[in-house]
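# Structural description and commentary
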Amino acid sequence: MVATATTPRPLPKVILFSILPIASWFIVRPLLDPIPAVPALYTSVGLSLVAFVATLYLVPALGPTFIKANLFGRDLLKIYDTRIPESMGLVCSAIYFIVLMLFLPFAFSHSFTQALGAHSSNEGITTEFPVYKLSVYLSSLLSILVATLLGFLDDVFDIRWRHKLPVPIIASIPLLIVYFAEGGNTHVVVPLPLRFLLGNLINLGPLYYVYMSLLSTFALNSINILAGINGLEVSQALIIGISVIVNDLLYLPWPVDFRIPLHLLGGKKDVEFGGVWSAGMAYGSQSLVERHLLSLYFMLPLVAVCAGFMYHNWYPARVFPGDTLCYVTGMAFSVVGIQAHFSKTLLLFFIPQIFNFVLSCPQLFGFVPCPRHRVPRFEAETNLLHPSRAVFEKPPSPISTLMLRILSTLRFVSITFHPKTGQIESTTNLTILNTILVNLGPMSEKRLLQCVMAIQVAGSCFAFVVRYGLAGLVYDGDRR
């Protein structure tokens, strides 16, 4: 069983010989006539396919190197004790960053073409290069690079939670500086029920930058907090990334005409697609289309890298992602949420993570004992997972008792009482994993992962219903 569970998964050569020609076609397609409406998107898809193949092959190839560098761990929820390569998220981050760097000339190929055409003409026409768009792209790359560094340092030095929580603020500084330098908008639309008090818009000023910093902090740490079983971290990032891509596709220039009946979800009008710059939710705004194209340029390679890594991290895991992958994916999500101006929509895709964070707060802030590992308890005899418990060494405070009684009533935790004093003696650890086990009973690790993935998918579906259906009850207009 040890050999079967720890040897690298086989890689069919058909993947290499089938995907790479398709990727090459997507990369070359913008050079052929007729030139597509969004040529850079084709290149992004092609490079993303290359990133997928590179991740599939490089992760198992570099695993022994990481073990030799003492970057390995042991699976706490398995009966075997074999060393498994850890911090392999660094490989994924490197591939992701290299792809984004290679894509940089293609993202501004239209501007290069215009500049060359202006220089070759005799009319003396000059074309202004979009320096602001370049600064946005480069600041996003810098933030992702800083997140990679901080994540790897966390893997190596095992930074404590109280120290790692504010770390993402450092990585978000380049984003905030560029946002401020270009006179970024700090106004927010006021919901309809509050407009008689606050008006249509309210300027948050510096508080808006605090909000964006907190968004980065939450995005980086929320995936890291909800972890502990094979495939969990990367599956969260994969589903959220796909959800963001679907949301971006609603704003793209489609050459066909069709309609989404949003009135069935409570929306005031349907979404009509058609034309190059008048598609979908963009409502004719080219700047809005460009924002979501920027989001796609960051999300497509991220999803490709996560999909390739998930092949090796799926139960039973051959490699571990470490904190590096959590930091990089979280920063990538905050980058697109801030730069493409859909942070509220992004937060809707994090509904399971928000629930898990709120549920974890009593342990994270010291009201309930917080052990080093809050993963479910593994029973070797049955190969099933059970809820893990936190034991009180001294009687809990009244506030802690009140919190746990409320959570127990809601069936989020299971608590035990001292037979003599009647005080709370222990509680299940406050994570969504243990909550699932409390309500559904013991299950295998693979089954638990599938349950969490189903919750993540359901959360994304609910997010789309709220964003494009129920939001019309509290906001008017197109809510761009």
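Residues numbered from 1 in each chain as written. Predicted model: local features only at pLDDT ≥ 70, side-chain atom pairs only at ≥ 80, totals over all residues. Heavy atoms only, no water.

Take the overall build of the protein chain next. Each helix and strand in the protein chain was counted, giving 18 helices and 11 strands. Taken over 480 residues, the protein chain has a buried fraction of 48%. In the protein chain, 71% of the contacts between residues at least 6 apart in sequence involve partners at least 24 apart. Accessible area of the protein chain: about 22,800 Å², with a carbon and sulfur share of 68%. (Helix = DSSP H or I, 4+ residues; strand = E, 2+ residues; numbered from the N terminus. Buried < 20%, exposed > 50% of the residue type's maximum accessible area, 1.4 Å probe, protein only. Contact = heavy atoms within 4.5 Å. Areas by Shrake-Rupley, 256 points an atom, 1.4 Å probe, with all protein chains shown as cover.)

The subject of this paragraph is the confidence of the model for the protein chain. For the protein chain, per-residue confidence averages 86 on the pLDDT scale, and 86% of positions sit at 70 or higher. The secondary structure element of the protein chain with the lowest average pLDDT is helix α1 (residues 2-6), at 47, and the one with the highest is helix α17 (residues 432-440), at 97. Note that pLDDT drops below 50 for residues 274-279; the model gives that stretch 23 contacts with residues more than four away or on any other chain. (pLDDT = per-residue confidence, 0-100.)

Counting buried residues along strand β11 (residues 424-428), four of its five residues qualify, which places the element largely inside the surrounding structure. Bridge count for strand β9 (residues 389-391) against β11 is three bridges, and the pairing is antiparallel. Paired with Ala390 across the two strands is Thr427, which belongs to β11. In this structure, strand β10 (residues 415-417) lies alongside β11, joined through three bridges in antiparallel fashion. Residue Ile415 lies in a different strand from β11, and its bridge partner there is Thr427. Linkage of β10 to β11, two consecutive antiparallel strands, is achieved through a turn of six residues, within which Gly422 is found at a positive phi near 80°. (Pairing = 2+ DSSP bridges.)

Among the structural elements, Asn230 can be located in the loop between α10 (206-225) and α11 (232-249). Since its relative accessible area comes to 4%, Asn230 is described here as buried. A distance of 3.2 Å separates a polar atom in the side chain of Asn230 from a polar atom in the side chain of Asp75. Here Asn230 is in contact with Asp75, Lys78, Asn313, Tyr315, Pro316, Ala317, Phe320, Glu445 and Leu449, once residues within four sequence places are set aside. (Polar contact = N/O pair within 3.5 Å; in protein donor to acceptor, adjacent residues only side chain to side chain.)

Another aspect to go through is the packing of aromatic side chains. Scanning the model with the defined rule gives 16 aromatic pairs in all. The interplanar angle of 65° and the centroid separation of 6.4 Å between the aromatic rings of Trp25 and Tyr42 together place this pair among those described as edge-to-face. One end of the pair, Trp25, is in helix α2 (residues 13-28); the other, Tyr42, is in helix α3 (residues 39-68), and 17 residues separate them in sequence. With centroids separated by 5.2 Å and ring planes inclined at 55°, the aromatic side chains of Phe349 and Phe464 adopt a geometry described as tilted. Here Phe464 lies in helix α18 (residues 445-468) and Phe349 lies in the loop between α14 (343-348) and α15 (351-364), a separation of 115 residues in the sequence. The class for Phe349 is buried, based on a relative accessible area of 1%. In textbook terms, an aromatic cluster arises when at least three aromatic residues are bridged by ring pairs, as seen for Tyr179, Phe180, Tyr208, Tyr209 and Tyr211. The ring of Tyr42 carries the charged tip of Arg29 above its face, separated from the ring centre by 5.9 Å. If you follow Arg83 out to its NZ or CZ, it ends over the ring of Phe72, 5.0 Å from the centre. (Phe/Tyr/Trp six-rings, centres within 6.5 Å; stacked < 30°, edge-to-face > 60°. Lys NZ or Arg CZ within 6 Å of the ring centre and 35° of its normal.)

Moving on, we get to the side chain of Arg374. Mapped onto the secondary structure, Arg374 falls in the loop between α15 and β7 (377-379). One buried charged residue, Arg374, remains without a salt bridge, the closest side chain of opposite sign being Glu233 at 12 Å. A polar atom in the side chain of Arg374 sits 2.8 Å from the side chain of Gln363. At 3.2 Å, the side chain of Arg374 forms a polar contact with the backbone oxygen of Leu430. When residues no more than four places from it in sequence are discounted, the contact partners of Arg374 are Ile225, Ser360, Gln363, Ser388, Asn429, Leu430, Thr431 and Asn434. (Lys, Arg positive; Asp, Glu negative; His and termini not counted. Salt bridge = Lys/Arg side-chain N within 4 Å of Asp/Glu carboxyl O.)

Here we take up the state of the cysteines. The full count for this structure, using the stated rule, is zero disulfides. The thiol of Cys306 is unpaired, and the distance to the nearest cysteine sulfur, on Cys92, comes to 7.1 Å. (Disulfide = S-S within 2.5 Å.)

Right, let's talk about empty space enclosed by the protein for a bit. With the rule as written, the count across this model stands at one cavity of 30 Å³ or more. In this structure, the largest cavity occupies an estimated 40 Å³ of space. What lines the largest cavity is simply Tyr179, Tyr208, Tyr211, Met212, Leu215, Gly337, Ile338, His341 and Ser343. Only α10 and α13 (322-339) provide two or more residues apiece to the lining of the largest cavity. Considering every element that reaches the lining of the largest cavity, the biggest residue donor is α10, with four residues. Considering only residue class, the lining of the largest cavity consists of six nonpolar, three polar and no charged. (1 Å grid on protein atoms, 1.4 Å probe; cavity = no way out; pocket = protein on both sides within 12 Å on 5 of 7 lines; lining within 4 Å. Points joined across faces, edges and corners; volume = space filled by probe spheres on them. Nonpolar A, V, L, I, M, F, W, Y, C, P; charged D, E, K, R; others polar.)

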